[in-house]
Amino acid sequence: MRGDPLTILLVEDNPAHAEMVIRSFNDHRVANKICHVLDGESALDYLYRREQFAHPTASPRPHIILLDLRLPKISGLQVLQTIKNDPAQMSIPVVILTTSEAERDLAMAYEGHANSYLVKPIDFAKFSQLINDLGLYWLAWNRQPWDES
Amino acid sequence: MRKSKLIILLVEDNPAHAEMVLRSFEQHNAASHIYHVSDGQAALDYLFRRGDYENPRASPRPNIVLLDLRLPKLSGLEVLREIKTTPDLKCIPVVILTTSEAEQDLARAYADRANSYLVKPVDFDKFVQLMHNLDMYWLGWNYTPCPDRRNATNVINKETQ
């Protein structure tokens, strides 16, 4: 992990939202690499290096995962549960990034051991500020155990 | 961003470090109240509203816990485990704030479901920056499913093992 480019795995099926996230990170120059997948199944393929992500250079271990809840194929909650129940993956911070403020979604996300839960601002300037603060916190300040793989 | 009266529980036995946290928050006029305890037992008494902390006014429910690892009476990891296995408390973000960069401490903290792990900067200006970013992020952007429960009883339910 140390010396690797700072990598974010973005799991987002809405292209406009994904665009906003990627633009914001690029504007603030916080992350070196953003890997974007469009559904829950691809997220797990990425993390477990399956299918098109089989080669490690195609899927560097992420420093954080930004995870939407409403996803095709496998839901965000299922992705979360898979990651957080796996000792080899559980130390990667998972930050829910969703439009939902529903109590039920919040409760389920925390029950599933999400590290954090963020609601996407509608306004791009606010969205950009969120991404800046998020990037700074999780990539510059937060520490994780060293990745052996 | 959420707007609410924000409560931080700081669990820190080193008075100089506690002072740095308090001063850092004062510096940027954060709209937060910091409650400080100096050992692991006091942290749990606070959260479970026991002993000196029976009165809810003396122990308002925190929006976040800043938790050192090396503590008297009960270790930070033991406090973390209690919080993360108690239904009424497990949704409170727990941010480890420690001098330790040891792999073992990092691994154990995440295994016990710490939300985040921060190493205290030695430099005070950096410390202030960290506290500022922490405040913006956890108390500004982050959502939790634990609204203030105006009708809550004083009893915290512990999961049966």
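Calculation rules
Residues numbered from 1 in each chain as written. Chains lettered and ligands numbered in written order. Predicted model: local features only at pLDDT ≥ 70, side-chain atom pairs only at ≥ 80, totals over all residues. Heavy atoms only, no water. Helix = DSSP H or I, 4+ residues; strand = E, 2+ residues; numbered from the N terminus. Rg over C-alpha atoms; globule rule 2.2 N^0.38 Å. Buried < 20%, exposed > 50% of the residue type's maximum accessible area, 1.4 Å probe, protein only. Contact = heavy atoms within 4.5 Å. Areas by Shrake-Rupley, 256 points an atom, 1.4 Å probe, with all protein chains shown as cover. Lys, Arg positive; Asp, Glu negative; His and termini not counted. Charge placed at Lys NZ, Arg CZ, Asp CG, Glu CD. 1 Å grid on protein atoms, 1.4 Å probe; cavity = no way out; pocket = protein on both sides within 12 Å on 5 of 7 lines; lining within 4 Å. Points joined across faces, edges and corners; volume = space filled by probe spheres on them. Nonpolar A, V, L, I, M, F, W, Y, C, P; charged D, E, K, R; others polar. Phe/Tyr/Trp six-rings, centres within 6.5 Å; stacked < 30°, edge-to-face > 60°. Lys NZ or Arg CZ within 6 Å of the ring centre and 35° of its normal. Buried area = accessible area lost by both parts, 1.4 Å probe. Polar contact = N/O pair within 3.5 Å; in protein donor to acceptor, adjacent residues only side chain to side chain. Salt bridge = Lys/Arg side-chain N within 4 Å of Asp/Glu carboxyl O. Pairing = 2+ DSSP bridges. Axes fitted to C-alpha atoms, helices over the stretch in contact; angles between N-to-C directions.

Undergrad: Mind laying out the overall build of chain A, listing which residues take part and the relevant values?
TA: Within chain A, the secondary structure is distributed over five helices and five strands. The N-to-C order of helical and strand elements in chain A reads β-α-β-α-β-α-β-α-β-α. For a compact globule of 149 residues, the expected C-alpha radius of gyration is about 15 Å, and chain A comes in at 14 Å, within 12% of that figure. The dimensions of chain A, computed from C-alpha atoms along their principal axes, are 40 × 35 × 25 Å. Relative to its 149 residues, chain A shows a buried fraction of 56%. Within chain A, contacts between residues at least 6 apart in sequence are counted, and of these 66% link residues at least 24 apart. Accessible surface, chain A: about 6,600 Å² in total, of which carbon and sulfur atoms supply 50%. Side-chain charges in chain A split into 14 positive and 19 negative, and the spacing between the mean points of these groups amounts to 4 Å.

Undergrad: Give me the lowdown on empty space enclosed by the protein, citing residues and values where you can.
TA: The final tally for this structure, using the stated rule, is three cavities of 30 Å³ or more. Lys84, Met90, Tyr110, His113, Ala114 and Asn115 of chain A together with Lys84, Lys90, Tyr110, Arg113, Ala114 and Asn115 of chain B are the residues that line the largest cavity. Here the lining of the largest cavity is built from residues that sort into five nonpolar, three polar and four charged.

Undergrad: Tell me about the packing of aromatic side chains, and name the residues and values.
TA: The tally for this structure, following the rule as stated, stands at nine aromatic pairs over all chains. On the basis of an interplanar angle of 85° and a centroid distance of 5.1 Å, the ring pair of Tyr137 of chain B and Trp138 of chain B is categorised as edge-to-face. Note on Trp138 of chain B: relative accessible area 4%, which makes it buried. Every member of this aromatic cluster is reached through a ring pair, and the members are Tyr137 and Trp138 of chain A together with Tyr137 and Trp138 of chain B. The ring of Phe124 of chain A carries the charged tip of Arg23 of chain A above its face, separated from the ring centre by 4.5 Å. Over the ring of Phe124 of chain B we find Arg23 of chain B; its NZ or CZ atom is 4.4 Å from the centre of that ring.

Undergrad: Can you break down the interface of chain A and chain B residue by residue, with the values?
TA: Across the boundary between the two partners, chain A contributes 35 residues, which contact 32 residues of chain B. For the chain A face of the interface with chain B, the top three residues by lost area are Tyr137, Trp141 and Arg143 of chain A, together amounting to 27%. Scanning the region where chain A abuts chain B turns up 20 residue pairs in polar contact (both at pLDDT 80 or more). At the level of secondary structure, the elements contributing two or more residues to the side of chain A that touches chain B comprise α4 (103-111), β5 (116-119) and α5 (124-141) of chain A. With nine residues, α5 of chain A is the single largest residue contributor to the side of chain A that touches chain B.

Undergrad: Requested: an account of the pattern of salt bridges, with residues and values cited.
TA: The tally for this structure, following the rule as stated, stands at 14 salt bridges over all chains. One salt bridge connects Asp39 of chain A with Lys73 of chain A, and the closest N-O pair in it is separated by 3.9 Å. One end of the pair, Asp39 of chain A, is in the loop between β2 (33-37) and α2 (40-47); the other, Lys73 of chain A, is in the loop between β3 (64-67) and α3 (76-84), and 34 residues separate them in sequence. A residue is classified by how much of its surface remains accessible, and Asp39 of chain A, at 9% relative accessible area, is buried. Ionic pairing is found between Lys120 of chain B and Glu12 of chain B, a salt bridge with its closest N-O pair at 2.7 Å. Here Lys120 of chain B, found in the loop between β5 (116-119) and α5 (124-141), pairs with Glu12 of chain B, found in the loop between β1 (6-11) and α1 (15-27); they are 108 residues apart in sequence, far enough to count as distant. Of the two residues, Lys120 of chain B and Glu12 of chain B, both sit in the buried class. By sharing partners, the salt bridges in this structure join Glu12, Asp68 and Lys120 of chain A into a single network.

Undergrad: Which residues make up the pairing of β3 of chain A, and what values go with them?
TA: Each regular strand carries side chains that alternate between the two faces of the sheet. Residues and elements named next belong to chain A. Burial along β3 is two-sided: Ile64 and Leu66 and Ile65 and Leu67, pointing in opposite directions, are all buried. Relative to β3, strand β1 (residues 7-11) runs parallel, the two being bridged by four bridges. Looking across to β3, one finds that Leu10 is bridged to Leu66. Of the pairings in the sheet, the one linking β3 to strand β4 (residues 94-98) comprises three bridges and is parallel in character. When the sheet's bridge partners are listed, Leu66 is paired in β4 with Val95.

Undergrad: Describe the sheet that holds β5 of chain A, naming the residues involved and giving the relevant values.
TA: Residue and element names in this part refer to chain A. Ordered by their spatial adjacency, five strands build an open sheet running β2-β1-β3-β4-β5, and the pairing between neighbours is parallel. Every other strand in the sheet has two partners, leaving β2 and β5 as the edge strands with one partner each. Strand-to-strand twist of the sheet, defined as the mean angle between neighbouring strand axes without regard to direction, takes the value 20°. With respect to the sheet, α2 is in contact with β1, β2 and β3, its orientation differing from that of β1 by roughly 155°.

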